[in-house]
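Observations on the three-dimensional arrangement
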Amino acid sequence: MHSLSSSSASLSSVPSHHPRHPPSVPLPTLRFCGLRPEALFPRPLSLYSSCSSPARRSARRLRSTVLVSASAGNGPPSKFDYDLVIIGAGVGGHGAALHAVEKGLKTAIIEGDVVGGTCVNRGCVPSKALLAVSGRMRELQSDHHLKSLGLQVAAAGYDRQGVADHANNLASKIRSNLTNSMKALGVDILTGVGTILGPQKVKYGKDNIITAKNIIIATGSVPFVPKGIEVDGKTVITSDHALKLEFVPDWIAIVGSGYIGLEFSDVYTALGSEVTFVEALDQLMPGFDPEIGKLAQRVLINPRNIDYHTGVFASKITPARDGKPVMIELIDAKTKEPKDTLEVDAALIATGRAPFTNGLGLENINVVTQRGFVPVDERMRVIDADGKLVPHVYCIGDANGKMMLAHAASAQGISVVEQVTGKDHILNHLSIPAACFTHPEISMVGLTEPQAKEKADKDGFTISVAKTSFKANTKALAENEGEGLAKMIYRPDNGEILGVHIFGLHAADLIHEASNAIALGTKIQDIKFAVHAHPTLSEVLDELFKSAKVNSPVSSPGGSRDNPTAGTARNPRGNHSPRLEKGGEPGSSSDYSRSSRFQSILLGSLSEFYILILCCIYRTLMLAKASLDNLFGRSIR
């Protein structure tokens with residue numbers, strides 16, 4: 001609701017868009033009663049001389065055009081081709097572009113390869129197609145699982161090329177969807193490598209130069225290959241090559257047991273390969289909560305055709321050639337002494353990803369990368385070599401290294417657009433979930449238990465841990481998928497959720513209730529009153545929240561305007577009755593506050609109504625004045 005007091009200017013202070021005023025004067029950004037600016041401050045009647053919708057659209061395009069300039073010199077231009085230019089059309093750049101258009105910014109996105117970036121073409125999307133196949137294969141290959149459901153299925157098989165085509169077709173479809181969505185909304189897609197030439201100036205392709213009020217770097221990352229490893233793309237491969245599934249080796253070594261390595265182990269073992277993990281740290285899955293990691297190892301590693309070497313480096317990997325297999329030399333990660341040599345059919349390098357920031361022209365704005373990452377602050381603003389902020393330049397996604405996830409890049413891009421359109425916004429990275437799409441899945445948000453303990457020791461508070469098992473969930477048991485655990489780390493003194501970790505059926509879908517709670521600052525004592533459909537997997541989280549022991553009372557027992565039913569309790573008959581708390585009896589101060597709130601709403605509504613009348617009168621007068629001006633060919637004073 002917009003009240004008179006919220007306006008930063010009066011009607012009399014708004015410049016009129018009379019013919020004597022230059023057309024480049026921007027429309028005010030005020031909004032009255034939800035009306036568009038042009039409804040209050042009309043252009044000359046000539047712009048509206050046609051009643052056809054194309055004319056109106058043309059007028060709107062004319063008003064929104066950003067002035068083009070051919071700036072000279074190395075200083076910042078005074079006029080711009082675009083409000084926002086994004087270098088990189090991956091998921092992060094795409095999310096930023098769509099939000100920018102929604103905010104009314106004239107936007108261009110530069111892509112030197114193909115729209116969609118790593119996620120769509122060589123990452124999240126095609127890998128999920130392969131994992132969908134591996135999930136079906138596991139179900140069909142599990143005689144015990146099928147018999148428990150009363151099913152009988154003949155031996156399952158697969159067509160390698162058909163599986164590869166499924167992944168490729170999915171990537172093509174999503175890539176096309178992203179491209180079409182940007183074109184439909186008016187985002188200019190510029191082809192070529194983007195380079196920053198100087199303040200607010202970008203080159204793309206061979207010699208195309210454009211200017212922009214703000215620039216976002218969203219160039220993503222590439223597979224990281226350690227020294228001593230020779231990648232030939234056939235027998236020694238990265239995830240880029242593996243997603244093409246050009247062959248399924250009998251025995252493949254996977255270097256690295258993080259997200260990428262785990263997911264590919266799921267695919268290869270389902271398709272019949274033997275897998276050997278090579279992990280530099282002393283335990284597998286080092287990035288996961290230790291308790292979840294141990295359970296995942298018991299389910300995802302031990303029963304499958306997988307062995308592993310931990311605490312070792314692959315110091316040298318030679319591709320298969322001249323009839324010889326792939327050779328992998330292992331050394332101790334601490335002493336660097338030789339440990340073993342593996343001879344396998346193929347090796348997948350899954351040692352993480354490196355930022356793709358070469359050739360961006362960062363030297364032209366005095367920016368020095370840190371291990372390839374572009375340094376940024378909490379608002380994604382780029383920091384130069386002197387520790388100062390680079391005006392109007394931002395970096396999101398894998399290129400800044402804050403959180404190398406596609407959806408994190410998109411969230412960062414949206415946050416940047418909020419800032420450049422005048423609204424300060426800081427993204428809470430601890431509220432961003434992550435998932436590993438194995439079978440079963442692993443998901444997480446916030447801190448692990450060791451991280452939470454470290455923070456508690458530093459900040460002087462205590463933590464508690466709540467757990468619940470999938471074995472107690474009706475829907476999981478109906479699916480015969482009772483193997484799983486949900487775990488929450490929280491503060492018992494105030495109910496703050498510090499981290500949630502899930503291993504089990506559809507864990508990647510379940511985590512979002514917890515991530516949204518962290519993002520919105522919802523406390524356990526409030527969210528435990530949320531109602532979940534029965535029987536569903538979501539009840540795993542319901543039981544997790546209810547099992548937590550919080551010392552603080554319910555923070556909003558009487559509900560709120562936004563959620564008037566919050567704080568209600570079920571009676572034995574299944575109805576809902578208000579929870580009576582101290583001071584909540586009829587006739588108490590709570591009744592008085594509700595009455596006051598009603599009066600405030602009524603007064604606000606009346607104020608808005610009067611403003612609407614004034615707006616309409618003003619618009620009518622301005623249209624009449626413009627009509628008379630056009631009729632007599634001069635200004636009526």
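Residues numbered from 1 in each chain as written. Predicted model: local features only at pLDDT ≥ 70, side-chain atom pairs only at ≥ 80, totals over all residues. Heavy atoms only, no water.

1. So, the nonpolar core
Membership of the largest hydrophobic core comes to 46 residues, with the highest contact counts inside it found for Val85, Ile86, Ile110, Ile210, Ile216 and Val382. Setting aside residues up to four positions removed in sequence, Ile216 forms contacts with Leu84, Val85, Ile86, Ile87, Ala96, Tyr394, Ile396 and Val416. Grouped together as the second largest cluster of nonpolar side chains are 42 residues, Leu295, Ala296, Ile301 and Phe503 included. (Core = buried A, V, L, I, M, F, W, Y, C linked by side-chain atoms within 4.5 Å. Buried < 20%, exposed > 50% of the residue type's maximum accessible area, 1.4 Å probe, protein only. Contact = heavy atoms within 4.5 Å.)

2. Notes on the pairing of strand β20 (residues 441–446)
Burial runs high along β20: five of the six residues are buried. Both strand β19 (residues 434–436) and β20 contribute to a ladder of three bridges, which runs antiparallel. Bridge pairing in β20 places Ala435 opposite Ser443. Adjacent in sequence and paired antiparallel, β19 and β20 are bridged by four residues. The pairing of β20 with strand β23 (residues 497–504) spans six bridges and is classified as antiparallel. When the sheet's bridge partners are listed, Glu441 is paired in β23 with Gly504. (Helix = DSSP H or I, 4+ residues; strand = E, 2+ residues; numbered from the N terminus. Pairing = 2+ DSSP bridges.)

3. Overview of the environment of Ala155
In this fold, Ala155 is placed in the loop between α6 (143–148) and α7 (160–184). Residue classification places Ala155 among the exposed positions, given a relative accessible area of 81%. A sequence separation of 14 residues divides Ala155 from Gln141, and the C-alpha atoms of the two residues are 7.3 Å apart.

4. Re a nonpolar patch on the surface
Together, Leu140, Leu149, Leu151 and Val153 give the surface a local cluster of nonpolar side chains, amounting to about 310 Å² of exposed area. For Val153, the location among the structural elements is in the loop between α6 and α7. (Patch = residues over 30% accessible without salt bridge, like charges linked within 9 Å, V, L, I, M, F, W, Y side chains within 5 Å. Areas by Shrake-Rupley, 256 points an atom, 1.4 Å probe, with all protein chains shown as cover. Salt bridge = Lys/Arg side-chain N within 4 Å of Asp/Glu carboxyl O.)

5. Overview of the confidence of the model for the protein chain
Taken as a whole, the protein chain shows an average pLDDT of 83; of its residues, 78% reach a score of 70 or greater. Low pLDDT, under 50, characterises residues 1–73; the predicted model gives this stretch 95 contacts beyond four residues in sequence or across chains. Contacts of residues 557–595 to residues separated by more than four positions or lying in other chains number 30 contacts, the stretch itself having pLDDT below 50. (pLDDT = per-residue confidence, 0-100.)

6. Quick look at the side chain of Glu441
Turning to its location among the elements, Glu441 is positioned in strand β20. Put simply, Glu441 is tucked away with no salt bridge, and the nearest opposite charge, on Lys128, sits 8.8 Å away. The contacts of Glu441, once residues within four sequence positions are left out, are Cys436, Ile502, Phe503, Gly504, His506, Ala507, Ala508 and Asp509. (Lys, Arg positive; Asp, Glu negative; His and termini not counted.)

7. Considerations on helix α11 (residues 406–420)
In this model α11 runs 22 Å from its N-terminal to its C-terminal C-alpha over 15 residues, within 8% of the 21 Å that 1.5 Å per residue would give. Those residues of α11 that fall on the buried side of the exposure criterion are Ala408, Ala409, Ser410, Gln412, Gly413, Ser415, Val416, Val417, Glu418 and Gln419. The inward-facing, buried residues of α11 contact β1 (82–87), α3 (91–102), β6 (208–217), β17 (381–383) and β18 (389–395). Backbone geometry just downstream of α11 places Gly422 in the positive-phi region, at approximately 100 degrees. (Expected span 1.5 Å × (residues − 1).)

8. Some words on the sheet that holds β23
Within a beta sheet, neighbouring strands are joined by backbone hydrogen bonds and run either parallel or antiparallel to one another. Read from one edge to the other, the open sheet built from five strands follows the order β19-β20-β23-β22-β21, with strand pairing classed as antiparallel. A single partner strand is all that each edge strand has here, and the edge strands are β19 and β21 (464–469). Geometrically, the sheet is characterised by an average inter-axis angle of 10 degrees between neighbouring strands, direction not taken into account. Taken strand by strand, helix α10 (residues 290–301) contacts β20, β21, β22 (485–490) and β23, and its axis lies near 5 degrees from that of β23. Packed on one face of the sheet, helix α12 (residues 449–459) meets β20, β21, β22 and β23 and runs near 10 degrees to β22. (Axes fitted to C-alpha atoms, helices over the stretch in contact; angles between N-to-C directions.)

9. Quick word on the packing of aromatic side chains
Centre-to-centre distance and the angle between the planes together describe a pair of aromatic rings. Considering all chains together, one arrives at two aromatic pairs under this definition. Pairing Tyr259 with Phe288 gives two aromatic rings, centres 5.4 Å apart and planes at 50 degrees, and the pair type is tilted. Of the two residues, Tyr259 sits in helix α9 (residues 259–270) while Phe288 sits in the loop between β10 (274–279) and α10, which places them 29 residues apart along the sequence. Take Phe288: its relative accessible area is 5%, and that puts it in the buried class. Here Lys106 stacks its cationic end above the ring of Tyr82, 5.2 Å away from the centre of that ring. Here the guanidinium or amino end of Arg491 rests over the ring plane of Phe461, the centre of that ring lying 4.0 Å away. (Phe/Tyr/Trp six-rings, centres within 6.5 Å; stacked < 30°, edge-to-face > 60°. Lys NZ or Arg CZ within 6 Å of the ring centre and 35° of its normal.)

10. Considerations on unusual backbone geometry
With omega at 0 degrees, the peptide bond leading from His439 into Pro440 counts as cis. Cis geometry is adopted by the peptide bond preceding Pro535, which originates at His534 and carries an omega value of -5 degrees. Within the secondary structure, Pro535 is located in the loop between α15 (524–527) and α16 (539–547). Here the phi dihedral of Arg371 falls at roughly 55 degrees; this positive angle occurs in a residue that is not glycine. Of note, Arg371 is situated in the loop between β16 (353–355) and β17. The backbone phi angle of His506 is positive, close to 55 degrees, even though this residue is not glycine. Inspection of the secondary structure assignment puts His506 in the loop between β23 and α14 (507–520).

11. Comments concerning the sheet that holds strand β13 (residues 326–332)
If you walk across this open sheet you meet the three strands as β12-β13-β14, and the pairing is antiparallel. Of all the strands in the sheet, the pair left with one neighbour each is β12 (312–318) and β14 (338–344). Put simply, the sheet's adjacent strands are angled 25 degrees from each other on average, direction ignored. Note that β13 and β14 share six bridges and pair antiparallel. Paired with Met327 across the two strands is Glu343, which belongs to β14.

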